[in-house]
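Listed below, chain by chain, are the residues.
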Amino acid sequence: MNDELRELYQDVIIEHSKRPRNFHPMGDAAQRAEGYNPLCGDTVTVYLTLDGDIVRDASFQGHGCAISTASASVMTELLKGKTRAQAEQIFQTFHDLVTGKAQDADPDRLGKLAVFAGVGEFPARVKCATLCWHTARAALEGKEEPVSTE
Ligand code: ZN
């Protein structure tokens, strides 16, 4: 990744962390799950409104570092309108990206996720970036137990 791209990606992450999208709770009808990353202190609650197999709406609340907040912000944007299977596929792509298994992945396929490519260089940050995704998966599965990255 060149410096220019790295800076651009950092700007996008900072922008999302300062003005997170879909940052609000949802009513009782939504499926929700809580996640915690003890390593960094990030907490997140993910809310999903499902219509059969499709995620109609997604939102989150929580406190965390810039990466965890930006990741949840981008994630909630991406999940809307997706089926469970599509959501799982995006999670796999994202996980491969931040764990360094997809550094050469096609930027078009990565879409908005591409901005997190640099996270792979900081292993301690991987859990910040993936916390919301693990939590969203728990919400999809209707799990009551809070998710912990440890
Ligand atoms: Zn964090």
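What comes next is a walk through the structure. All of these numbers come straight from a predicted model, not from anything done at the bench. (Residues numbered from 1 in each chain as written. Predicted model: local features only at pLDDT ≥ 70, side-chain atom pairs only at ≥ 80, totals over all residues. Heavy atoms only, no water.)

### Quick notes on the overall build of the chain
For the chain, the helix and strand inventory stands at five helices and four strands. Seen in sequence order, the chain has helices and strands lined up from the N terminus as α-β-β-β-α-α-α-α-β. Over its C-alpha atoms, taken along the principal directions, the chain stretches across nearly 45 × 30 × 25 Å. With 150 residues in all, the chain has 43% of them scored as buried. Taking contacts inside the chain between residues at least 6 apart in sequence as the whole, the part at least 24 apart equals 61%. (Helix = DSSP H or I, 4+ residues; strand = E, 2+ residues; numbered from the N terminus. Buried < 20%, exposed > 50% of the residue type's maximum accessible area, 1.4 Å probe, protein only. Contact = heavy atoms within 4.5 Å.)

### A few points about the coordination of the zinc ion
Those protein atoms acting as donors to the zinc ion are C40 (SG), D42 (OD), D42 (OD), C65 (SG) and C128 (SG), and they sit at 2.2 to 2.6 Å. Site description for the zinc ion: donor spacing in sequence, C-x1-D-x22-C-x62-C. Of this pair, C40 sits in the loop between β1 (31-37) and β2 (42-51) while C128 sits in helix α5 (residues 123-141), and the two are 88 residues apart along the sequence. (Donors = N, O, S within 2.8 Å, 3.2 Å for Na, K, Ca; no water.)

### Observations concerning a nonpolar patch on the surface
A contiguous nonpolar surface patch, about 240 Å² in accessible area, is contributed by M1, L5 and L8. Mapped onto the fold, L5 is located in helix α1 (residues 3-18). (Patch = residues over 30% accessible without salt bridge, like charges linked within 9 Å, V, L, I, M, F, W, Y side chains within 5 Å. Areas by Shrake-Rupley, 256 points an atom, 1.4 Å probe, with all protein chains shown as cover. Salt bridge = Lys/Arg side-chain N within 4 Å of Asp/Glu carboxyl O.)

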